[in-house]
Amino acid sequence: MNKEIAEYINTLLSDRKRLLNERKDDLDTLTDFDTGQLNTWEETKWELGIIYKAQKAMDYIIEEDN
């Protein structure tokens, strides 16, 4: 994988992260979760963690290409 592809993937990950943070913020304002909302909140937290790891991997690839 080259630097340009890693930078593009990082951009896509950043966009997805922004959307998930908006969803998480909306869910954080709720005081009474139903089961579906709780599952969505947990999945959102999980995906944000995966995005963090993927961005770190892309950063590593970009640094290696320099």
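Our structure's up above, just so we're on the same page.
Overview of the structure. Small disclaimer: the values here were computed from a predicted structure and weren't measured. (Residues numbered from 1 in each chain as written. Predicted model: local features only at pLDDT ≥ 70, side-chain atom pairs only at ≥ 80, totals over all residues. Heavy atoms only, no water.)

**What about the overall build of the protein?**
As a reminder of what qualifies: Numbering goes from the N terminus for both helices and strands, where a helix is a DSSP run of H or I of at least four residues and a strand is a run of E of at least two. For the radius of gyration, the atom set is restricted to C-alpha positions; the globular benchmark scales as 2.2 Å times the number of residues to the power 0.38. When a residue's accessible area, from a 1.4 Å probe over protein chains only, is under 20% of the maximum for its type it is buried; when over 50% it is exposed; and in between it is partly exposed. A contact between two residues is defined here by any heavy atoms of the two lying within 4.5 Å. Computed with a 1.4 Å probe, the accessible areas rest on the Shrake-Rupley method; for each residue, only the protein chains presented here act as cover. When charges are counted, Lys and Arg are positive and Asp and Glu negative, with His and the chain ends excluded. In this description, the location of a charge corresponds to atom NZ of lysine, CZ of arginine, CG of aspartate or CD of glutamate.
A count of helical and extended segments in the protein gives two helices and zero strands. Against the compact-globule benchmark of 11 Å for 66 residues, the protein has a radius of gyration of 15 Å, which places it well outside the compact range. Projecting the C-alpha coordinates of the protein onto the three principal axes gives extents of approximately 50 × 15 × 15 Å. A burial count over the protein gives 18% of its 66 residues as buried. Expressed as a percentage of contacts within the protein between residues at least 6 apart in sequence, the contacts between residues at least 24 apart total 70%. Accessible area for the protein stands at about 4,900 Å²; split by element, carbon and sulfur atoms hold 52% of it. Measuring between centres, the 9 positive side-chain charges of the protein sit 2 Å from its 16 negative side-chain charges.

**Notes on the nonpolar core**
Generally speaking, a soluble globular protein has its nonpolar side chains buried in company with each other. Going by this rule: Think of a nonpolar core as a cluster: buried Ala, Val, Leu, Ile, Met, Phe, Trp, Tyr and Cys residues, connected wherever their side-chain atoms sit within 4.5 Å.
Judged by nonpolar contacts, Ala6, Leu13, Leu20, Leu48, Ile51, Met58 and Ile62 together constitute the single largest core of seven residues. Elements supplying a minimum of two residues to this core: helix H1 (3–28) and helix H2 (35–65). Per-element tally for this core: the top contributor is H2, with four residues. Not counting residues within four places of it along the chain, the set of residues in contact with Met58 comprises Met1, Ala6, Ile9, Asn10 and Leu13.

**Observations regarding H1**
We apply this condition: Given a helix with a known number of residues, its expected span is that number minus one, times 1.5 Å. Polar contacts, as used here, are pairs of N or O atoms within 3.5 Å; protein pairs need one atom able to donate a hydrogen and one able to accept it. Residues neighboring in sequence count only if both atoms are side-chain atoms.
The terminal C-alpha atoms of H1 lie 36 Å apart, and with 26 residues this matches the ideal 38 Å at 1.5 Å per residue to within 8%. Packed against the buried residues of H1 are H2. Measuring from the backbone nitrogen of Glu4 back to the side-chain oxygen at the start of H1 gives 3.3 Å, which picks out Asn2 as the cap.

**Considerations on a nonpolar patch on the surface**
Defined as follows: Think of a patch as exposed residues, more than 30% relative accessible area, with no salt bridge, where like charges cluster within 9 Å and nonpolar side chains (Val, Leu, Ile, Met, Phe, Trp, Tyr) cluster within 5 Å. Salt bridge, as used here: a side-chain nitrogen of Lys or Arg that lies within 4 Å of a carboxyl oxygen of Asp or Glu.
Taken together, Leu30, Phe33 and Leu38 make up a surface patch of nonpolar side chains, about 210 Å² in accessible area. Looking at the secondary structure, you find Leu38 in helix H2.

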